[in-house]
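# Architecture and fold: a report
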Amino acid sequence: MNTLAKFVFVLLLLLMSLSPTSAQLADYESAKHDIIVYRDGVVLVVQQFKINQSIAQINVPLLSPSASSIFATDQSKAPLAFDLAGRNITVHTLGATVATVEYQVADITSKEGAVWTLKINLLTKANLTLPEQATITFLNAIPETISLGGGKPVLLL
């Protein structure tokens, strides 16, 4: 057994709600939500939203207030202006039909020995991709699917 296989991931998924509020549905809806966990504990989050073109801005909750390397783009990959306020980001959509928010966080993972723990609160369905050869030892909620993508465990939460 190599050292990579010794890394064990413990997932503690705190699912607050699986659907956005009804007010959000009129302005935007989640189209895609990907969470990618890297071996060093850094997490890449990519959220994509379909937007009502008449809306000038959308307010989106982040997984952590310590998000870094934040990018917001429209359907043409053109940058969009945004403002941060704690765990929320306001994206100025400027008539875009799709907005993508991408950022990194490191404080939703923790490590004790060889065991990693991931704690997240999700408001929508998300694809969670773990590092290659990760072993899942505990889930606090049953994912819709568990599969392999490129040799990496992928969970639909």
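Basis of the calculations
Residues numbered from 1 in each chain as written. Predicted model: local features only at pLDDT ≥ 70, side-chain atom pairs only at ≥ 80, totals over all residues. Heavy atoms only, no water. Core = buried A, V, L, I, M, F, W, Y, C linked by side-chain atoms within 4.5 Å. Buried < 20%, exposed > 50% of the residue type's maximum accessible area, 1.4 Å probe, protein only. Helix = DSSP H or I, 4+ residues; strand = E, 2+ residues; numbered from the N terminus. Contact = heavy atoms within 4.5 Å. Phe/Tyr/Trp six-rings, centres within 6.5 Å; stacked < 30°, edge-to-face > 60°. Pairing = 2+ DSSP bridges. Axes fitted to C-alpha atoms, helices over the stretch in contact; angles between N-to-C directions. Polar contact = N/O pair within 3.5 Å; in protein donor to acceptor, adjacent residues only side chain to side chain.

Ile 35, Val 43, Ile 58, Leu 63, Tyr 103, Ile 120 and Leu 128 are the most contacted members of the largest nonpolar core, which totals 32 residues. Looking at this core, the elements that each hand over two or more residues are strand E2 (28-37), strand E3 (43-51), strand E4 (57-61), strand E5 (68-74), strand E7 (88-92), strand E8 (98-105) and strand E10 (115-120). With residues up to four places along the chain from it excluded, the contact list for Val 43 reads Ile 35, Ile 36, Val 37, Tyr 103, Gln 104, Val 105, Ile 108, Thr 109 and Leu 118.

What follows deals with the packing of aromatic side chains. For the coordinates displayed, the defined rule picks out 1 aromatic pair. With a centroid separation of 5.2 Å and an interplanar angle of 90 degrees, the aromatic rings of Tyr 28 and Phe 49 are classed as edge-to-face. Of this pair, Tyr 28 sits in strand E2 while Phe 49 sits in strand E3, placing them 21 residues apart in sequence.

This part covers the sheet that holds E3. Strand order in the open sheet formed by 7 strands is E5-E8-E3-E2-E11-E14-E13, with mixed pairing between adjacent strands. Each edge of the open sheet is held by one strand with a lone partner, namely E5 and strand E13 (145-149). Across the sheet, the mean angle from the axis of one strand to that of its neighbour is 15 degrees, orientation sign disregarded.

Let's shift gears to the sheet that holds strand E6 (residues 82-85). Taken in spatial order, the 3 strands make up an open sheet running E4-E7-E6, and their pairing is antiparallel. Of all the strands in the sheet, the pair left with one neighbour each is E4 and E6. With direction set aside, neighbouring strand axes in the sheet form an average angle of 20 degrees. Strand direction decides the pairing type here: E6 and E7, joined by 4 bridges, are antiparallel. Following the sheet pairing, Phe 82 is matched in E7 by Val 91.

What follows covers the pairing of E4. Only one face of E4 is covered, namely the one carrying Ile 58 and Val 60; the face carrying Gln 57, Asn 59 and Pro 61 has none of its residues buried. Note that E4 and E7 share 5 bridges and pair antiparallel. Paired with Val 60 across the strands is Ile 89, a residue of E7.

Our next topic: the environment of Asn 127. Relative to the elements of secondary structure, Asn 127 occurs in strand E11 (residues 127-129). Residue Asn 127 is classed as partly exposed on the basis of its relative accessible area of 30%. As a C-alpha pair, Asn 127 and Glu 144 span 17 residues in sequence and 10.0 Å in three-dimensional space. In contact with Asn 127, other than residues within four places in its own chain, are His 33, Asp 34, Ile 35, Leu 155 and Leu 156. At 3.4 Å, the side chain of Asn 127 and the side chain of Asp 34 are in polar contact.

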